[in-house]
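Residues per chain, in single letters:
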Amino acid sequence: MESKYNYFKRDISWLSFNYRVLLEALDERLPLYERINFISIYSSNLEEFYKIRVADHKAVASGATESDEETVQSARELVEEINKEVTRQLDDRVRIYEQKILPALRKNHIIFYQDNHVEPFHQQFVKDFFREEIFPYLQPVPVSKDKIVSFLRDNRLYLAIRVYPKKEEKNKGEETKENIEKYTGECINERNDGEGIKVGMEAARPNVTDFRQPLYFVMKQPYAKVPRFIELPSREKNHYLMFTEDIIKANLNLIFPGYDVDSSYCIKISRDADILIDDTASSADLVAQLKKKVKKRKIGDVCRFVYDRAMPSEFLDFLVDAFRIQRDELVPGDKHLNLEDLRHLPNPNKSLHSLEKPKPMKLTVLDEKESIFNYVAKKDLLLYYPYHSFEHFIHFLYEAVHNPETREIMVTQYRVAENSAVINTLIAAAQNGKKVTVFVELKARFDEENNLATAEMMQAAGIKIIYSIPGLKVHAKVALIRRRGLNGEKIPSYAYISTGNFNEKTATLYADCGLFTCRKEIVADLYNLFRTLQGKEDPKFTTLLVARFNLIPELNRLIDREISLADEGKQGRIILKMNALQDPTMIDRLYEASEHGVQIDLIVRGICCLIPGQSYSRNIRVTRIVDSFLEHARIWYFGNDGTPKVFIGSPDWMRRNLYRRIEAITPVLAPDLRDSLIEMLNIQLADNQKACWVDDKLQNIFKKRTPGTPTVRAQYTFYDWLNKTNS
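Because the structure is a prediction, the values reported are computed rather than measured. (Residues numbered from 1 in each chain as written. Predicted model: local features only at pLDDT ≥ 70, side-chain atom pairs only at ≥ 80, totals over all residues. Heavy atoms only, no water.)

Caption draft 1: Focus on the packing of aromatic side chains. For the structure shown, the criterion picks out 38 aromatic pairs. Here the basic side chain of Arg-235 rests over the ring of Phe-121, its NZ or CZ set 4.2 Å away from the ring centre. One cation-aromatic arrangement involves Arg-304 over Tyr-50; the distance from NZ or CZ to the ring centre is 4.5 Å. (Phe/Tyr/Trp six-rings, centres within 6.5 Å; stacked < 30°, edge-to-face > 60°. Lys NZ or Arg CZ within 6 Å of the ring centre and 35° of its normal.)

Okay, structure coming up:
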């Protein structure tokens, strides 16, 4: 049955979010390098988007795969719509970068050369640097429409170069032809590092019948050998930076002696990075599949060919034919591609201050002398990352390792940090004679290899490893410490339910929260969940909400309750904070609640397929916050006629989270902790510095501070509130 409601397209909505990230580069209140970093984040996000989402749509559009959600035609139309919107956004990125960022750098005495023309006092340095540091690693490779068999590496920068033989006497011309054949042959045979382009020798021969015909080459930038950005000698109070590719461009005549260098432009290819595996395979088969297939990620099908938009059409046409690029894979880019590298841009002007981000605080009630076990045995504990220190969780595990009454430690792992203190503590527990069980989700995209290597290391240390469940992902972020008295008496066990991964690196970047509790009903439910992950029973949950079991029925009941209150003339109230809202069924329930008069505020960072401003959504408002930290927490509030119900947990309202994953959500039952979550939600809704409304056209409309009202920057205001209550 066709719905009477409408929805934003998922991927177009995501592009709206990523554009909001780009807009941070315009905020002159931010330190300059923080603004530059947001251009890097925008670019990195877009790269992954093409590798996964656009690659999936292109596979459907080509008929290579089938989808229950889109046809070949609709997939083609969506790819076209995506490329159109991305092109519009990239126009803005160019404008922001060239008209805002570069002048701001100059104002701060940082001259960032943007082409191969440099001041006379730097020309010798550029030439010497090229000869000594760059030239030995360059490998120009000829390109031919007919004879070359080529492969461009994923997300690597290449220079596409067009040259013409100089007009000379025949003998000199022949000599030059022989030299370039010899040179390119040596490059191909002796200097191919296995990462470049494989070609046939015959492709190196220029056109003898018409020696003034253009010759084309591509040349991979030496990523591993030379930094992307080069600092040039300072002069007076000015500092100078230059892209490596611009240094190469300034010296192309040294690479092609006897030839006139006509032009050169940056190009890059993005390849399909999704791994197609048999999701129903056993754990052993899944491990074998992943080990084999992650190695093929870098040679996936082309999903995007990005080129300098200044490239002449005939030059582009030649490359399209030579590399067999489809027209719908073309995305015009900037003069300088891979701007995600801007996060590594040197800052030679030390007077430029950095952003003073909130520093993780340690709770005074949990100083080094205080046992977390003792504290949580008396009352629940809620931590907010990155405002609170993740060391508290590490200390929690450390206590479990050394507590003689610890019987077993059970943890889920979705994305594992490298050299993880969490993993090292679990290994120490196993070596200390504790029983340790870790569920490792191998299918966490882009973390498959790291998760697998970490799992094998833990297994070697004596930890019991449970791998991915066939047909499911386990996205729950939970830990359980099971205890028993030394004389067999019952003593408290401990549960921990979080909105974020057990990853100390992301815990300093992502805004999450986690609950410690000894409540017997939650501990029992969590133990049942771990038994389910081991395939031992089909459990019943009394308190936790678990996707694929009791989550959807309980969400429907909670929404029905607010609808009933509104129908009775009372206040129906819902606040939902999450990363993404996409499931049409749950969006329909929110539309329905709005039609009954329930007041609904959504705080959705990324994808939001619900359309506000419609007759059926007139009581729904959508807020998006982008600031220093990535908003990652999932917090749900239901007014319940003055006795609010508040939940935290791992799922967004995406189809995959609600129906195809194992997710865990806990009610926050302690009144003081529940109130602190409500305070956080209210602060975020009051944000008038970094919050936007998302309107019915997917525009990000910045909220304005009403005269006479306080300035509220949610992340910093909430940190101050936590700091004041830290006693």
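Caption draft 2: Focus on unusual backbone geometry. Each neighbour pair has its own omega, and for Tyr-385 with Pro-386 the value is 0°, a cis peptide bond. Following the sequence through the fold, Pro-386 ends up in the loop between β10 (381-385) and α11 (391-402). Unusually for a residue other than glycine, Arg-324 sits at a positive phi of about 55°. You can see Arg-324 is positioned in the loop between α9 (313-322) and β9 (330-333). (Helix = DSSP H or I, 4+ residues; strand = E, 2+ residues; numbered from the N terminus.)

Caption draft 3: Molecular detail of the confidence of the model for the chain. In the predicted model, the chain carries a mean pLDDT of 87, and the fraction of residues at 70 or more is 88%. Here residues 171-210 scores under 50 on pLDDT; set against residues more than four positions off or in separate chains, the count is 72 contacts. (pLDDT = per-residue confidence, 0-100. Contact = heavy atoms within 4.5 Å.)

Caption draft 4: Structural detail: helix α15 (residues 551-567). A rise of 1.5 Å per residue sets the reference length of α15, with its 17 residues, at 24 Å; its end C-alpha atoms lie 24 Å apart and thus fit the reference within 8%. Residues of α15 that are buried: Leu-551, Ile-552, Glu-554, Leu-555, Leu-558, Ile-559, Glu-562, Ile-563, Leu-565 and Ala-566. Following α15 by one or two positions, Gly-569 has its phi on the positive side, about 85°. (Expected span 1.5 Å × (residues − 1). Buried < 20%, exposed > 50% of the residue type's maximum accessible area, 1.4 Å probe, protein only.)

Caption draft 5: Structural context of the packing of helix α1 (residues 10-23) against helix α3 (residues 72-107). Interhelical geometry of α1 versus α3 gives an angle of 5° and a closest axis separation of 11 Å. Between α1 and α3, the angle is such that the two are roughly parallel. Facing Asp-11, Ile-12, Leu-15, Ser-16, Tyr-19 and Leu-22 of α1, the residues of α3 in contact are Leu-78, Glu-81, Ile-82, Glu-85, Val-86, Arg-88, Gln-89, Asp-92, Arg-93 and Ile-96. Grouping the amino acids of the contact of α1 with α3 by side-chain chemistry returns eight nonpolar, two polar and six charged. (Axes fitted to C-alpha atoms, helices over the stretch in contact; angles between N-to-C directions. Parallel < 35°, antiparallel > 145°, perpendicular 65-115°, else oblique. Nonpolar A, V, L, I, M, F, W, Y, C, P; charged D, E, K, R; others polar.)

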